[in-house]
Amino acid sequence: KELQLRRAKALGLEVPETLFTNDPDAVRAFFEANGGDIVTKMQHSFAIYREGLETVVFTNPVTRADLDELDGLRFSPMTFQRRIEKKLELRVTIVGEQVFTASIDSTRRQETAVDWRRDGVGLIEDWQPFELPEETARALKALASELGLNYAACDLIVTPDDRLVFLEVNAVGEFFWLQAHPGLPIVEAIAG
């Protein structure tokens, strides 16, 4: 993820202020530097296993109380980012030179405001096609190419003032719901 963000920024994409660390003091300083408005997510994978069962670790806001509970960082570095205010969340799926984009207004429900995946099934029919600016599409295709990806699923935020903020690219990101709702022809692109 560190490489993705560096390359995305070099390609002209806006990225949030980000800290990758397992140092609690660095997290506390980052929290203060960003006015206490940060989120955290896994650095490498978004799942952990408890008693053999996969448990998804969602993106979560960090509170002042959380700053006293950072001992677990010594076992696994985490990603911390400045929270970006959202109007929409985007999933941009790249297949070769083809770009498919859909949006979701995750802020309309409290449980999905930080991470739409908290109720992905409940939002499945609410995804809408989105017209991605050509400049952003070019930058995302260049990023996928630099990373050696013929398929990529990129996550972005549209801010209330219509800026696009890049979060990450997934080499094996899911797309099945975008085929059904809103009907993006991703399967046909992959088959082609």
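The notes below deal with the structure included here.

The rules behind each value
- Residues numbered from 1 in each chain as written.
- Predicted model: local features only at pLDDT ≥ 70, side-chain atom pairs only at ≥ 80, totals over all residues.
- Heavy atoms only, no water.
- Helix = DSSP H or I, 4+ residues; strand = E, 2+ residues; numbered from the N terminus.
- Rg over C-alpha atoms; globule rule 2.2 N^0.38 Å.
- Buried < 20%, exposed > 50% of the residue type's maximum accessible area, 1.4 Å probe, protein only.
- Contact = heavy atoms within 4.5 Å.
- Areas by Shrake-Rupley, 256 points an atom, 1.4 Å probe, with all protein chains shown as cover.
- Core = buried A, V, L, I, M, F, W, Y, C linked by side-chain atoms within 4.5 Å.
- Phe/Tyr/Trp six-rings, centres within 6.5 Å; stacked < 30°, edge-to-face > 60°.
- Pairing = 2+ DSSP bridges.
- Axes fitted to C-alpha atoms, helices over the stretch in contact; angles between N-to-C directions.
- Salt bridge = Lys/Arg side-chain N within 4 Å of Asp/Glu carboxyl O.
- Expected span 1.5 Å × (residues − 1).

Here we look at the overall build of the protein
Moving on, step 1. If you tally the helices and strands in the protein, you get 6 helices and 11 strands.
Moving on, step 2. Since a compact globule built from 192 residues should have a radius of gyration of about 16 Å, the 17 Å found for the protein is in line with a globular shape.
Moving on, step 3. Taken along its principal axes, the extent of the C-alpha atoms in the protein is 50 × 35 × 35 Å.
Moving on, step 4. Within the protein, the proportion of its 192 residues that are buried is 42%.
Moving on, step 5. Long-range contacts, defined here as pairs at least 24 residues apart, represent 63% of the contacts in the protein between residues at least 6 apart.
Moving on, step 6. When the accessible surface of the protein is summed, it comes to about 10400 Å², and 51% of that surface belongs to carbon and sulfur atoms.

Some words on the nonpolar core
Moving on, step 1. Counting residues in hydrophobic clusters, the biggest one holds 21 residues, and the most contacted among them are Val92, Leu140, Cys154, Leu156 and Phe166.
Moving on, step 2. Within the residue set of this core, elements represented by two or more residues are helix H1 (2–10), strand S7 (88–95), helix H4 (134–146), strand S10 (151–158) and strand S11 (164–170).
Moving on, step 3. Per-element accounting of this core gives the leading share, 5 residues, to H4.

Concerning the packing of aromatic side chains
Moving on, step 1. As enumerated under the stated definition, the model contains 3 aromatic pairs in all.
Moving on, step 2. Arranged with centres 5.7 Å apart and planes meeting at 85 degrees, the rings of Phe176 and Trp177 form a pair that is edge-to-face.
Moving on, step 3. Take Phe176: its relative accessible area is 52%, and that puts it in the exposed class.
Moving on, step 4. Each member of the aromatic cluster is reached from another via a ring pair, and the members are Trp127, Phe176 and Trp177.

Some remarks on the sheet that holds strand S5 (residues 60–61)
Moving on, step 1. Pairing is antiparallel across the open sheet formed by 4 strands, whose spatial order is S1-S6-S2-S5. The outermost strands of the open sheet, each flanked by one partner alone, are strand S1 (18–21) and S5.
Moving on, step 2. Sheet strands touched by helix H2 (residues 24–33): S1, strand S2 (38–42) and strand S6 (78–82). Its angle to S1, the strand with the most contacts, is close to 170 degrees.

Quick word on the pairing of S7
Remember that side chains alternate between the two faces of the sheet whenever the strand is regular.
Moving on, step 1. Extensive coverage of S7 is indicated by the burial of 8 of its 8 residues.
Moving on, step 2. As paired elements, S7 and S10 share 8 bridges and run antiparallel to each other. Along S10, the bridge assignment pairs Val92 with Cys154.
Moving on, step 3. Bridge analysis of S7 against strand S8 (residues 98–104) gives 7 bridges, and the strand direction is antiparallel.

Focus: the pattern of salt bridges
Moving on, step 1. Across all of its chains, the model carries 13 salt bridges by this definition.
Moving on, step 2. Its salt-bridge partner being Asp126, residue Arg108 comes within 2.0 Å of it at the nearest N-O pair. A residue pair is termed long-range when its members are at least 10 positions apart, and Arg108 in the loop between S8 and helix H3 (120–123) and Asp126 in the loop between H3 and strand S9 (128–129) qualify at 18 residues.
Moving on, step 3. The exposure class of Asp126 is partly exposed, given its relative accessible area of 29%.
Moving on, step 4. For Arg163, the salt bridge goes to Asp161, with nearest N and O atoms at 3.1 Å.
Moving on, step 5. Judged by relative accessible area, Arg163 falls into the partly exposed class, the value being 34%.

Considering H4
Moving on, step 1. With 13 residues, H4 ought to run about 18 Å at 1.5 Å a step, and its terminal C-alpha atoms sit 18 Å apart, in line with that.
Moving on, step 2. When H4 is considered as a whole, its buried residues turn out to be Thr136, Ala137, Ala139, Leu140, Lys141, Leu143 and Ala144.
Moving on, step 3. Taken from the residues just after H4, Gly148 is the one with a positive phi, measuring 75 degrees.

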